[in-house]
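Here are the chains, one letter per residue:
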Amino acid sequence: MKVYADNAATTRMRDSALSAYVETAQNFYGNPSSLYTLGQDAKTVLEDCRGQIASLLGAQAEEIIFTSGGSEADNQAILSAAKFGKLKGKMKIISTAIEHHAVLHTLNKLKKEGYEVVLLPVGTDGIVRLSDLEAALDDNTCLVSVMFANNEIGTLQPVREIGKLCRERKVLFHTDAVQAVGHIEVNVNDIGCDYLALSAHKFGGPKGVGALYVRQGAPLYPLIEGGAQERGKRAGTEALPAVKAMTVAMKEAVDTLPETQKYVTYLRNKLITGLENIPHCALNGDREKRLAGNVSFCFEGIEGESLLLLLDDRGISASSGSACTSGSLDPSHVLLAIGRVHDVAHGSLRLTLSADNTEEEIDYMIREIPEVVQYLRNMSPVWRDLQEGKRQYIL
Ligand SMILES: *Cc1c(COP(=O)(O)O)cnc(C)c1O
């Protein structure tokens, strides 16, 4: 059996999005900046997509900038707010310890340029506390950047409350909603954010395209210089087939959200309950306040990487930590932030589900995963020490 359970890393393109991609590439190949009809027809499609994406977020069309994906959108939002802050003499940025590297590495760069960067901790539930944010906010703060939903453990952050706090303190608020859009209701006015990043390939659209929502009046500077596309804020000939496919995917994801959420939550809960029977394991992140499709566990006495390879042999595509950290030996910064010690964090497994998954696949994983975990533990010297009482179990 083949099971794709890594939808937080990327998703299979929806059939509707793939058809839209091909159809747009075939019929609207004109450059949207060209004056002849072929170009202007492409421009019409582009602006129609902008309007649709805006409306799906509760935004205005002029507030949407198309980007190459979530990473670029995060970079542009953060660097714009930081640059504006510096002009005003405000050089403090508040974020969290569990952000995606697109945010964390951008903040590291700013830190080297002299900004003060405060990373709020999260509880063992993987959720940031408002009181910590309140305590950190001051007159020197130019930006708060908190993700909507975490990509590793799926936890949902209190973005509405954070948005309210930021508005009261007149501080710009960016939210990386890459894992949220298409998976949970996202409305920029409910959140009260000034910037919001999204990426098509996380909700059944193509890779290499995304968008940044920028509230009217919020500062925005280009990362890429060149032509006057995207009102001078993002140069480069627009990737129209990708933008169209993203729009179709997002509309379908949002339109089918209630059914998908219900079905995927059912699969997720069944999988969590099934895997919890494995001795000395723990679910990562809050059980309720998490994305419908996210299952993340730590298993004591094993290596996540070996687990992934053996699961791959059995047809299961899964992940350990985030795609960006796997391949390196550093344990996930998110698992460390929720209090997992290094050894335990190394034994992590992330299974992220979509509406494509079937109940048979869940049953298959509930059969296979405990077997593979036991197989690895039988070979592990750490596990032997735990069993013989030479080491203390943590989980
Ligand atoms: C995938 C992801 C990104 C990066 O998006 P790309 O389109 O792959 O650049 C950023 N933030 C989060 C939370 C993500 O899951």
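Our subject is the structure that appears above.
Conventions we followed
Residues numbered from 1 in each chain as written. Predicted model: local features only at pLDDT ≥ 70, side-chain atom pairs only at ≥ 80, totals over all residues. Heavy atoms only, no water. Buried < 20%, exposed > 50% of the residue type's maximum accessible area, 1.4 Å probe, protein only. Helix = DSSP H or I, 4+ residues; strand = E, 2+ residues; numbered from the N terminus. Pairing = 2+ DSSP bridges. 1 Å grid on protein atoms, 1.4 Å probe; cavity = no way out; pocket = protein on both sides within 12 Å on 5 of 7 lines; lining within 4 Å. Points joined across faces, edges and corners; volume = space filled by probe spheres on them. Nonpolar A, V, L, I, M, F, W, Y, C, P; charged D, E, K, R; others polar. Domains from an automatic or database assignment. Salt bridge = Lys/Arg side-chain N within 4 Å of Asp/Glu carboxyl O. Axes fitted to C-alpha atoms, helices over the stretch in contact; angles between N-to-C directions. Left-handed = near helix turned anticlockwise from the far one by under 90°. Contact = heavy atoms within 4.5 Å. Arc of directions from axis to C-beta.

Trainee: Where do I start with the pairing of strand β10 (residues 294-299) in this structure?
Mentor: Regular strands place their side chains on alternate faces of the sheet. Of all six residues in β10, six are buried, a share of seventy percent or more. The alternating pattern of β10 places Asn 294, Ser 296 and Cys 298 and Val 295, Phe 297 and Phe 299 on opposite faces, both of which are buried. Relative to β10, strand β9 (residues 281-283) runs antiparallel, the two being bridged by three bridges. Bridged to Leu 283 within β10 is Phe 297. Note: β10 against strand β12 (residues 348-352), five bridges, orientation antiparallel. By the bridge assignment, Val 295 is partnered in β12 with Leu 351.

Trainee: Sorry if this is basic, but what is going on with the layout of surface pockets here?
Mentor: Where empty space is left becomes clear once a probe the size of a water molecule has been rolled over the atoms. Quantified by volume, the largest pocket comes out at close to 520 Å³. Along its surface, the largest pocket is lined by 30 residues, and Arg 14, His 183, Thr 260, Ser 354 and Ala 355 are the ones closest to its centre. Per-class residue counts for the lining of the largest pocket are 10 nonpolar, 15 polar and five charged. Structurally, the lining of the largest pocket is a two-domain feature, drawing no fewer than three residues from each of domain 1 (3-10 + 257-387) and domain 2 (15-255).

Trainee: What is the right way to look at unusual backbone geometry in this model?
Mentor: Comment: phi is negative for the bulk of residues other than glycine, and the bulk of peptide bonds are trans. One non-glycine residue, Glu 230, adopts positive backbone phi at about 50°. Along the chain, Glu 230 falls in the loop between β8 (210-214) and α8 (240-255). For Glu 230, a relative accessible area of 5% gives the class buried. Notably, Arg 231 is not glycine yet its phi reads approximately 50°, a positive angle. Secondary-structure assignment places Arg 231 in the loop between β8 and α8.

Trainee: Explanation requested: the pattern of salt bridges in the structure shown.
Mentor: It is possible for side chains bearing opposite charge to pair when their charged atoms get close. The tally for this structure, following the rule as stated, stands at 19 salt bridges. Across the pair Lys 164 and Glu 168 runs a salt bridge whose closest N-O atoms are separated by 3.3 Å. In this pair, Lys 164 and Glu 168 are both assigned in helix α6 (residues 159-169), four residues apart and thus about one turn of the helix distant. Between Lys 390 and Glu 388 there is a salt bridge; the shortest N-O distance is 2.9 Å. What makes Lys 390 exposed here is its relative accessible area of 62%.

Trainee: Is there a simple way to explain the packing of helix α3 (residues 70-87) against helix α4 (residues 101-112) in this structure?
Mentor: Working note: a packed helix pair is described by the angle between its axes plus the distance between those axes. Contact geometry for α3 and α4: axes closest at 9 Å, N-to-C directions at 35°. Like other packed secondary-structure pairs, α3 and α4 cross with a definite hand, here right-handed. Contact residues: α3 offers Ser 71, Asp 74, Asn 75, Ile 78, Leu 79 and Ala 82, while α4 offers Ala 102, Val 103, Thr 106, Leu 107, Lys 109 and Leu 110. Along the lines of polarity and charge, the residues of the contact of α3 with α4 split into seven nonpolar, three polar and two charged.

Trainee: What am I meant to see in helix α10 (residues 304-313) here?
Mentor: Residue pairs spaced three or four apart in an α-helix point in one direction, given the helix's 3.6 residues per turn. Burial in α10 covers these residues: Gly 304, Leu 307, Leu 308 and Leu 311. In a view along the axis of α10, the buried residues occupy a sector of 100°, so they form one face of it. Among the exposed residues of α10, those pointing more than 90 degrees away from its buried face are Leu 309 and Asp 313.

Bear in mind that shape data such as this cannot, by itself, settle questions of function.
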